[in-house]
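# Structure assessment
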Protein chains: 2
Amino acid sequence: MEDSERLKKQKELIEQIGRQNEKEGFQPVAARILGLLMVMDKEEYTFEEIVEEMQISKSSASTALKNLEIRGIIEYVTYSGDRKRYFRFVSGEIVGMIDEMENKMIRNLATINQIIELKKDPNSRNATFLKNVLKGMEFFIKNLEELKIQYKREH
Amino acid sequence: MEDSERLKKQKELIEQIGRQNEKEGFQPVAARILGLLMVMDKEEYTFEEIVEEMQISKSSASTALKNLEIRGIIEYVTYSGDRKRYFRFVSGEIVGMIDEMENKMIRNLATINQIIELKKDPNSRNATFLKNVLKGMEFFIKNLEELKIQYKREH
DNA sequence: TTTTTAGTTCGGCACTAATCGAACTAGATT
DNA sequence: AATCTAGTTCGATTAGTGCCGAACTAAAAA
């Protein structure tokens, strides 16, 4: 593929990833910066370069980058003798992603337990439904735990 | 537990679930209606009852209920000789939840593949990182598939 | 045929979130 | 000491959501 064609496709992909990330709760600018840092061949962007590339104000860049950094999705490095920050994305550890999913499930599990405990009739439609969900969640959480161990062993 | 005390705790739980659901992208009113339908002992609420209970306008109720229904989270039933709709929450099938998670992963996987394909240097830091993430995701997706089968067999 | 019931749709207000520009800061350079 | 660089912080503005009331509709009841 020609370089110019690849660049064009990369830009399109950044936009697509941007929209995808917006759905994950990122603000538009942050979502696209993240896309930039993932997609482009250049792997470390300075603050100024991001402002240039994305056509955004310095203040927007500043807030977006801070947010992304706090969430642990990007980081920056510096090189001695150079005051600039070089931003790059932090590789998402797959086990960490699974952990996150699991934690969310565990929180939901706790809530569902609370609902059931407050039911007058523990055999009502909803109570029964919720108990089933609970059982299923417990099954998957237990097995995810094992999968994580297996994955760590294999890699 | 006394009925009045339970009711009080149920109301609190609805509020808590409401806030939780807001974080999942539901609008405040929809988030709390969902809580109501899950928590209360009464398992089918009419439109009017929801308006009453939640102290919201009919229009808000209408939009919130439509949204929840479109998302497949609640449904309504009718009884012959009664024009009212009786809303209730749809029990989340655990396997369905896992499917959803899996589909999200698969979509991410497709995106990551696109990124890698557009990289000039397939051995660059980011390309390598992304390939690792890809491998991990494939591992978990494959095994989730097996877990689902096992779960279905056991239940 | 008129009225009532059970909602839906629409326009607008209120509030929140996103982005901007301008002023500022702290460290490096001249 | 003054200037430059690399950002940050702080209102102001704009864009977007959420919710409401009022008007509307379609079916049932009187």
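Everything below is about the structure shown above.
Residues numbered from 1 in each chain as written. Chains lettered and ligands numbered in written order. Predicted model: local features only at pLDDT ≥ 70, side-chain atom pairs only at ≥ 80, totals over all residues. Heavy atoms only, no water.

### A look at the protein's contact with DNA strand C
- Neighbouring residues of DNA strand C: 16 residues in total, closest Ser59 and Ser60 of chain A together with Lys58, Ser62 and Arg83 of chain B.
- For DNA strand C, the backbone makes up 64% of the atoms found within 4 Å of the protein, where backbone means sugar plus phosphate.
- In this structure, a phosphate oxygen belonging to DNA strand C sits 3.5 Å away from a main-chain N or O atom of Val29 of chain A.
- Note that a phosphate oxygen of DNA strand C is positioned 2.9 Å from one of the side-chain N or O atoms of Lys66 of chain B. (Near = heavy atom within 4 Å. Polar contact = N/O pair within 3.5 Å; in protein donor to acceptor, adjacent residues only side chain to side chain.)

### Observations concerning the sheet that holds strand S1 (residues 45–46) of chain B
Residue and element names in this part refer to chain B.
- Pairing is antiparallel across the open sheet formed by three strands, whose spatial order is S1-S3-S2. The open sheet has two free edges, formed respectively by S1 and strand S2 (74–79), since each of these has just one partner strand.
- Here five bridges tie S2 to strand S3 (residues 82–89), and the two strands are oriented antiparallel to one another. Bridged to Ile74 within S3 is Phe89.
- The sheet strands contacting helix H4 (residues 58–70) are S2 and S3, and the helix crosses S2 at an angle near 105°. (Pairing = 2+ DSSP bridges. Helix = DSSP H or I, 4+ residues; strand = E, 2+ residues; numbered from the N terminus. Contact = heavy atoms within 4.5 Å. Axes fitted to C-alpha atoms, helices over the stretch in contact; angles between N-to-C directions.)

### Quick word on the relation of the copies chain A and chain B
- Structural alignment of chain A on chain B gives an RMSD of 0.5 Å, achieved by rotating through 179° and translating 0.0 Å along the axis. When the rotation and shift are considered jointly, the pair of chain copies conforms to a two-fold rotation axis.
- Looking at the interface residues of chain A, 100% of them are also at the interface in chain B, so both copies use one shared face. (Least-squares fit on C-alpha atoms with pLDDT ≥ 70 in both.)

### Section: the pattern of salt bridges
- This model, assessed by the stated rule, comprises 32 salt bridges over all chains.
- A salt bridge links Lys11 of chain B to Glu53 of chain B; its shortest N-O distance comes to 2.6 Å. Taken together, the positions of Lys11 of chain B in helix H1 (residues 3–23) and Glu53 of chain B in helix H3 (residues 47–54) put the pair 42 residues apart, joining distant regions of the chain.
- A salt bridge links Glu44 of chain B to Arg88 of chain B; its shortest N-O distance comes to 3.2 Å. Within this pair, whereas Glu44 of chain B is found in the loop between helix H2 (28–39) and S1, its partner Arg88 of chain B is found in strand S3, the two being separated by 44 residues in sequence. The residues Glu44 of chain B and Arg88 of chain B share a single accessibility class, namely buried.
- Each of Asp3, Arg6 and Asp41 of chain A together with Lys120 of chain B takes part in a single network of salt bridges with overlapping partners. (Salt bridge = Lys/Arg side-chain N within 4 Å of Asp/Glu carboxyl O. Buried < 20%, exposed > 50% of the residue type's maximum accessible area, 1.4 Å probe, protein only.)

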